[in-house]
Amino acid sequence: MNKHFLISGLMLLLPFLAGAQNFEDALRYSSGRIEGTARSGAMGNAFGALGGDFTGAGINPAGLGIYRSSEFALTPSFGMTEITSSYLGNSMVENDYRPGLGNLSYVAVMDSRKNNQSGLVSVNLGIGYNRLKDFNSYSIAEAFKSTSSFLDHMAANANNKSWSEYYEELAWDTYTLDKTDGGVYFNDLESARASAAYDGHKQRKSYDRGGAMDEYTFGLGLNFNHRFYLGASLGITDFYYRENTTLREWDTDGTIPYLNDFEFNSSLRTYGTGYNFKLGAIFKPINALRIGASVATPTLFKLNDRFETSMGSSITWDDQSSETFDSSSPYSEYDYEMTTPFRATLSGALVVGKRGLVSADMEYLDYSMAKLRKGGDGYDFADENSDISDLFQPVTNVRLGGEYRLTNTFSLRGGYEIYPSAFKQEAFGENQPNAGEDLTVLSAGFGYSNGGFFADVAFRHSENTRFNRLYPEPSSNNYPLPEMAAFDEVSNKVLFTLGFRF
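Within every chain, residues take consecutive numbers counted from 1 along the sequence as written. Totals for whole chains, interfaces and linings use all residues, but because this is a predicted model, local features are given only for residues with pLDDT of at least 70 and pairs of side-chain atoms are given and counted only at 80 or more. By convention in this description, side-chain values take in all heavy atoms of the structure and omit both hydrogens and water.

Hey, could you go over the overall build of the protein chain for me, with residue numbers and the actual values?
Summing up its helical and strand segments, the protein chain has eight helices and 23 strands in all. Overall size of the protein chain, expressed as C-alpha extent along the three principal axes, is 95 × 45 × 35 Å. Every one of the 502 residues in the protein chain was classed for burial, and the buried ones make up 55%. Residues are treated as being in contact if the distance between any of their heavy atoms lies within 4.5 Å. Counting only contacts in the protein chain whose residues sit at least 6 apart along the sequence, the fraction spanning at least 24 positions is 73%. For the protein chain, the exposed area adds up to about 20,600 Å²; of that, 55% sits on carbon and sulfur atoms. When charges are counted, Lys and Arg are positive and Asp and Glu negative, with His and the chain ends excluded. Throughout, a charge is located at the NZ atom of Lys, the CZ atom of Arg, the CG atom of Asp or the CD atom of Glu. Across the protein chain, the centroid of the 42 positively charged side chains sits 16 Å from that of the 61 negatively charged ones. The way it works is that DSSP assigns letters per residue, a run of H or I at least four long becomes a helix, a run of E at least two long becomes a strand, and they are numbered from the N terminus. Note on exposure labels: buried denotes an accessible area under 20% of the residue type's maximum, exposed denotes more than 50%, and partly exposed covers the range between, all computed with a 1.4 Å probe on protein chains only. To measure how exposed things are, a 1.4 Å probe is used in the Shrake-Rupley method; for residues, cover is taken only from the protein chains shown.

Written out as structure tokens, the structure reads:
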């Protein structure tokens, strides 16, 4: 496959490769960002050195050692995602609303038998769940005067003898792909574009995505002298991802011969389970300062893709009679494995007086190290892994947070997070439009704590822009190139934690 076609034509979240495992899978499942409790979420999830919160156990398990009492916490959430698309001068806005569960956890504190404040003070066990990623969104991109078409891509593939029963076969069955007596495949837009009357046609594509990635953590934290903390955890990551897309193209002016309209649908379902280990340490050289460091092994995922496509068309013949045609692909199911990049986090927290604190995490990971492995049919993914290595880059995620106690029971919090783009500025001789498109998160919240009960609320606002073509560009210079669409995504989420200490 031509790399220019693969990369510049198939930017972020393109479902036409959804049935084939590629760099999209590596990015989607490597870029989890922990959500967890409302306190952590309000403080930018900068809990690698703070500890004492179950979200921190998903970053640095040594934070379990900081607990002084056992705790149960539950964090429901409610989110809204708004996506504004810009395509060929037209904009559309769509919203999606979803409830969720950010965290459910229990931590047991067991004092050492010595029952003193030196040596091993306590052994703490934690078990719980943190959300890593929410896939839910809905968007539509629409243009009124497009001169390129998905049919161009399929005609070029057919002429290059790249025939698929999920794409070209459906176009052939629905009479949107034809062949000359000389054996050259073509579509009706090719003759329309040669006509002075043709001024483009209408396109609309909808993206309906759903699912989530969650991590179940089983952790151990050790407290030595209230100065040094060690921790280890096993993480079991579970996720479900679905993506349904519908691309419709139609002739509004009657300038395309035969073809009135066609609709192409794709459906992807991915199920997966992964495992990782985390090790961490926190050191308090003085009471006001905490320094943390942790590493997380690559997560080894076992994945299952389920994919199918369908296509329908409306054709008007020379005698002005019209017919509709429909065709569906076989149902495809494929097993494979994937490993995400290793992660390393360096953290610091400073207690300011008796009421304030600030914290920061710097998390390093190299997206180019993600690997697809062990296809169910024995496929080794060597080409795909080479593309991942050439396309992606190392990044350093930064999380900042602060808290101020207004009273002994009431606290105000704020945070900021930045997650740099995984894409290199240039790959395969092409500038990558999604390079530099970082994800940023602003957060704020408050908390109430009285005795054995606490309640926290957080509001999180994130923004991100991504660029994508609605369909791949043709692997031939005989066709116009499809334009890039921009998708500006704004997400707002409210987290509410109820907890009990005992």
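Next comes the rest of the account.
An account of helix α2 (residues 23-30) is needed here, citing residue identities and associated values.
Here α2 lies mainly inside the structure; eight of its eight residues are buried. Every buried residue belonging to α2 is among Phe23, Glu24, Asp25, Ala26, Leu27, Arg28, Tyr29 and Ser30, and all of these are buried. Taking the backbone nitrogen of glutamate 24 as reference, a side-chain oxygen 2.8 Å away marks asparagine 22 as the first, capping residue of α2. N or O atoms within 3.5 Å of each other form a polar contact, as long as, within protein, one can give a hydrogen and the other can take it, and as long as residues adjacent in sequence are counted only when both atoms are side-chain atoms.

Quick one: what's the story with unusual backbone geometry, residue by residue and with numbers?
The general pattern is negative phi for most residues beyond glycine and trans for most peptide bonds. Of note in the backbone geometry, tyrosine 175 takes a positive phi value of approximately 60 degrees without being a glycine. Structurally, tyrosine 175 can be placed in the loop between α6 (168-173) and β5 (178-179). Non-glycine residue phenylalanine 428 carries a positive phi angle of around 55 degrees. The exposure class assigned to phenylalanine 428 is partly exposed, which follows from its relative accessible area of 27%.

So what about the environment of phenylalanine 54? Which residues, and what values?
On the secondary structure map, phenylalanine 54 appears in helix α4 (residues 54-57). Taking the relative accessible area as the measure of exposure, phenylalanine 54 reaches 1% and is therefore buried. Considered as a pair, phenylalanine 54 and tyrosine 67 are 13 residues apart in the sequence and their alpha carbons are 9.7 Å apart. With sequence-adjacent residues up to four places away left out, phenylalanine 54 is seen in contact with Leu64, Tyr67, Asn103, Ser105, Val107, Gly126, Ile127, Gly128, Tyr129, Asn130 and Thr217.

Outline the pattern of salt bridges, supporting the account with residue identities and numerical values.
The working definition used for a salt bridge is a side-chain nitrogen of Lys or Arg within 4 Å of a carboxyl oxygen of Asp or Glu. Counted by the stated rule, this structure contains 26 salt bridges. Across the salt bridge formed by glutamate 71 and arginine 501, the nearest N and O atoms sit 3.6 Å from each other. You can see glutamate 71 sitting in strand β1 (residues 71-87) and its partner arginine 501 sitting in strand β23 (residues 484-501), a full 430 residues away along the chain. Residue classification places glutamate 71 among the buried residues on the basis of a relative accessible area of 6%. Residue arginine 501 is classed as partly exposed on the basis of its relative accessible area of 33%. Note that lysine 145 and aspartate 253 form a salt bridge whose closest N and O atoms lie 3.5 Å from each other. Of the two residues, lysine 145 sits in strand β4 (residues 137-146) while aspartate 253 sits in the loop between β8 (228-250) and β9 (259-286), which places them 108 residues apart along the sequence. Judged by relative accessible area, lysine 145 falls into the partly exposed class, the value being 44%. Taking relative accessible area as the criterion, aspartate 253 reaches 42% and is therefore assigned partly exposed. One connected set of salt bridges, linked through shared partners, spans Arg39, Glu403, Arg413 and Asp456.

Please provide a residue-by-residue account of the pairing of β23, values included.
Consecutive residues of a regular strand have side chains that alternate between opposite faces of the sheet. Here, strands pair whenever DSSP counts at least two bridges between them. Across 14 bridges, the pairing between β1 and β23 is antiparallel. Across the sheet, residue isoleucine 83 finds its bridge partner in β23, namely glutamate 489.

For the side chain of glutamate 384, give the residues involved together with the corresponding values.
Within the secondary structure, glutamate 384 sits in helix α8 (residues 382-391). Judged by relative accessible area, which is 18%, glutamate 384 ranks as buried. Polar contacts involving the side chain of glutamate 384 include one to the side chain of tyrosine 379, which spans 2.9 Å. Residues contacting glutamate 384, with those up to four places away along its chain left out, are Gln21, Asn22, Leu372 and Tyr379.

Give me the side chain of serine 491: which residues, what numbers.
Among the structural elements, serine 491 can be located in strand β23. Filtering out sequence-adjacent residues up to four positions away, serine 491 remains in contact with Met80, Thr81, Arg460, His461 and Ser462.

Talk me through the confidence of the model for the protein chain; I want residue IDs and the actual numbers.
Regions with low pLDDT should not have their predicted coordinates read in detail. Per-residue confidence from the predictor is reported as pLDDT, which spans 0 to 100. Here the protein chain shows a mean pLDDT of 92. Residues at 70 or above account for 95%. This model gives residues 1-18 a pLDDT under 50, and the stretch forms 80 contacts once residues within four places in sequence are excluded.

Would you mind going over the packing of aromatic side chains in detail, with residue names and values included?
For this analysis, a ring pair means two rings from Phe, Tyr or Trp (six-membered ring only for Trp) whose centres lie within 6.5 Å, classed as stacked if their planes differ by under 30 degrees, edge-to-face if by over 60, and tilted for the remaining angles. Summed over the entire model, instances satisfying the criterion amount to 29 aromatic pairs. Here the aromatic rings of tyrosine 336 and phenylalanine 381 are separated by 6.1 Å at their centres, their planes lie at 55 degrees, and the arrangement is tilted. Placement of tyrosine 336 in strand β13 (residues 332-339) and of phenylalanine 381 in the loop between β16 (371-373) and α8 is noted, with a sequence separation of 45 residues between them. Summarising the burial analysis for this pair, tyrosine 336 and phenylalanine 381 share the class buried. Classification of phenylalanine 381 as buried rests on a relative accessible area of 1%. Ring pairing ties together the aromatic residues Tyr29, Phe135, Phe239, Tyr241 and Phe301, which thus form one cluster. Only when the NZ atom of a Lys or the CZ atom of an Arg is both within 6 Å of the ring centre and within 35 degrees of the ring normal do we say a charge sits over the ring. The positively charged end of arginine 28 is found above the aromatic ring belonging to tyrosine 241, 4.1 Å away from the centroid.

Outline helix α5 (residues 150-159), supporting the account with residue identities and numerical values.
Taking burial as the measure, the 10 residues of α5 include nine buried ones, the bulk of the element. All buried positions along α5 are accounted for by Phe150, Leu151, Asp152, His153, Met154, Ala155, Ala156, Asn157 and Ala158. Of the residues that open α5, the one with a side-chain oxygen 3.0 Å from the backbone nitrogen of leucine 151 is serine 149. Lysine 161 sits one or two positions beyond α5 and adopts a positive phi of about 60 degrees.

Go over the nonpolar core with me, naming the residues and quoting the values.
One recurring pattern in soluble globular proteins: nonpolar side chains tend to sit buried together. Ranked by internal contacts, the top residues of the largest apolar core, which has 64 residues, are Tyr29, Phe150, Met311 and Phe392. In terms of residue count, α5 provides more of this core than any other element does, six residues in total. When sequence neighbours within four positions are dropped, the list of residues in contact with methionine 311 reads Leu151, Met154, Leu170, Ala171, Thr174, Thr176, Phe262, Glu263, Phe264, Phe325, Asp326 and Ser327. Only buried residues count toward a nonpolar core, which is a set of Ala, Val, Leu, Ile, Met, Phe, Trp, Tyr and Cys residues joined through side-chain atoms within 4.5 Å.

So what's going on with a nonpolar patch on the surface? Residues and values would help.
Taken together, the side chains of Phe72, Leu74, Leu104, Tyr106, Ile127, Tyr216, Phe218, Phe500 and Phe502 define a hydrophobic patch exposed on the protein surface, amounting to about 800 Å² of accessible area. The set of elements that each furnish at least two residues to the nonpolar patch consists of β1, β2 (90-111) and β7 (201-224). Checked against the element boundaries, phenylalanine 218 lands in strand β7. A relative accessible area of 38% means that phenylalanine 218 is categorised as partly exposed. Think of a patch as exposed residues, more than 30% relative accessible area, with no salt bridge, where like charges cluster within 9 Å and nonpolar side chains (Val, Leu, Ile, Met, Phe, Trp, Tyr) cluster within 5 Å.

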